[in-house]
Amino acid sequence: MPKTQPQIQIYDILKREHEEVSELLHQLKEAKGNAALKLFAEIQLKLVPHSRGEETTVYSRLLGERSASEKIRVSLEEHRQVDVLLEELATMSPRDEEWSAKVHVLADMVGHHVDEEEGELFPMARAVLSDREAAQVAQEYEQARDEAMQAMTAVEEGEEVEEGEEEERGAA
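Reading the values: the criteria
- Residues numbered from 1 in each chain as written.
- Predicted model: local features only at pLDDT ≥ 70, side-chain atom pairs only at ≥ 80, totals over all residues.
- Heavy atoms only, no water.
- Helix = DSSP H or I, 4+ residues; strand = E, 2+ residues; numbered from the N terminus.
- Expected span 1.5 Å × (residues − 1).
- Buried < 20%, exposed > 50% of the residue type's maximum accessible area, 1.4 Å probe, protein only.
- Contact = heavy atoms within 4.5 Å.
- Salt bridge = Lys/Arg side-chain N within 4 Å of Asp/Glu carboxyl O.
- Phe/Tyr/Trp six-rings, centres within 6.5 Å; stacked < 30°, edge-to-face > 60°.
- Lys NZ or Arg CZ within 6 Å of the ring centre and 35° of its normal.
- Core = buried A, V, L, I, M, F, W, Y, C linked by side-chain atoms within 4.5 Å.
- pLDDT = per-residue confidence, 0-100.
- Arc of directions from axis to C-beta.
- Axes fitted to C-alpha atoms, helices over the stretch in contact; angles between N-to-C directions.
- Parallel < 35°, antiparallel > 145°, perpendicular 65-115°, else oblique.
- Left-handed = near helix turned anticlockwise from the far one by under 90°.
- Nonpolar A, V, L, I, M, F, W, Y, C, P; charged D, E, K, R; others polar.
- Polar contact = N/O pair within 3.5 Å; in protein donor to acceptor, adjacent residues only side chain to side chain.

Caption draft 1: Here's a closer look at helix H3 (residues 69-90). Compared with the 32 Å implied by 1.5 Å per residue over 22 residues, the 31 Å span of H3 between its first and last C-alpha is a close match. Every buried residue belonging to H3 is among Ser69, Lys71, Ile72, Ser75, Glu78, His79, Val82, Asp83, Leu85, Leu86 and Leu89, and all of these are buried. Those residues of H3 that are buried are in contact with helix H2 (33-62) and helix H4 (99-128).

Caption draft 2: Fine view of the pattern of salt bridges. Across all of its chains, the model carries 14 salt bridges by this definition. In this structure, Lys15 and Glu19 form a salt bridge, with 3.7 Å as the shortest nitrogen-oxygen distance. Taken together, the positions of Lys15 and Glu19, both in helix H1 (residues 10-30) and four residues apart, correspond to about one turn of that helix. Under the relative-accessibility criterion, Lys15 is labelled partly exposed at 38%.

Caption draft 3: The arrangement of the packing of aromatic side chains in detail. Applying the stated criterion to the full structure yields two aromatic pairs. Taking the centre distance of 5.7 Å and the plane angle of 70° together, the rings of Phe40 and Trp99 count as edge-to-face. Of this pair, Phe40 sits in helix H2 while Trp99 sits in helix H4, placing them 59 residues apart in sequence. The class for Phe40 is buried, based on a relative accessible area of 4%. The ring centre of Tyr11 lies 4.1 Å from the NZ or CZ of Arg126, which sits over that ring.

Caption draft 4: Structural context of the nonpolar core. Formed by 23 residues in total, the largest nonpolar core has its most connected members in Leu28, Trp99, Leu106 and Val110. Breaking this core down by element, the ones donating at least two residues are H1, H2, H3 and H4. With near-sequence residues (within four places) excluded, Leu106 lies in contact with Leu25, Val82, Leu85, Leu86 and Leu89. Ile10, Ile13, Phe122 and Ala134 belong to the second-largest nonpolar core, a separate cluster that totals 17 residues.

Caption draft 5: Structural context of the confidence of the model for the chain. Here the chain shows a mean pLDDT of 89. Residues at 70 or above account for 87%. For the chain, the element scoring lowest by mean pLDDT is helix H5 (residues 131-171), at 76; H1 scores highest, at 97.

Caption draft 6: Structural detail: H1. The end-to-end C-alpha distance of H1, which contains 21 residues, comes to 31 Å, matching closely the 30 Å that a straight helix rising 1.5 Å per residue would cover. Taken residue by residue, H1 has Ile10, Tyr11, Ile13, Leu14, Glu17, His18, Val21, Leu24, Leu25 and Leu28 as its buried positions. Seen along its axis, H1 keeps its buried residues to an arc of 155°; they face one direction.

Caption draft 7: A look at the packing of H3 against H4. Closest axis-to-axis distance for the H3/H4 pair is 10 Å, and the angle between their directions is 160°. Relative to H4, H3 is oriented roughly antiparallel. The chirality of how H3 crosses H4 is left-handed. In terms of residue class, the contact of H3 with H4 is made up of 14 nonpolar, five polar and six charged.

Caption draft 8: Local environment of the side chain of His18. By the element assignment, His18 lies in helix H1. Judged by its relative accessible area of 6%, His18 falls in the buried class. A polar contact of 3.3 Å, which involves the side chain of His18, links it to the side chain of His50. Ignoring anything within four residues of it in the chain, the contact list for His18 reads His50, Glu54, Val114, Glu117, Glu118 and Phe122.

Below, the structure is given as C-alpha cells:
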C-alpha cells in the first residue's frame, strides 16, 4: 500500500510566508533609494494578500471559537494598523525624514504580530482544527491570498494605464 504524502497544513504556509516577509523587512530597514522602494513594493504585494487571506479563511474560521475569538479580534486590529502604516509609507519617499522610523515600526509591528500568531493562535487553531481541516484551510487560504494579490496587481496595472492615457492626452 503506497504511503500518502501528508497534506500541507495552514501553519506551514503561514510560517513560511512570515519568514519571507521578516527577511524582506530586515532588508528594507537597511535599504536606500530605489532599492528601498522596490523592497517596499514587494513587501506590500506579499503582506496585504497574506493578511486578507488570513482574515477570510483562518480568522473567520476561528472567530466563533470561544478560546480564540479575543485573539482573533486583536489580530484583526493589528492587521488594520499595519495597513494604515503601509498606506502612509506608500505616499512617502525613502528620503523623507519619517521613512526610516515608520519602516522600523512596521517591522516591529509585524514581528510582534507573527510571534503572537505562531506562539498563541497556532496552538489554539491546532486544538480546534483537525489535520484534514487545517489542510483544507490551507487550500482556501492560498486561493484567497492569490485572489487578493491579483486584485492588487490589477489595480496597479489600471493606475499605470490611466497615467499613460494622461500623458498621451497631454501630448496631443
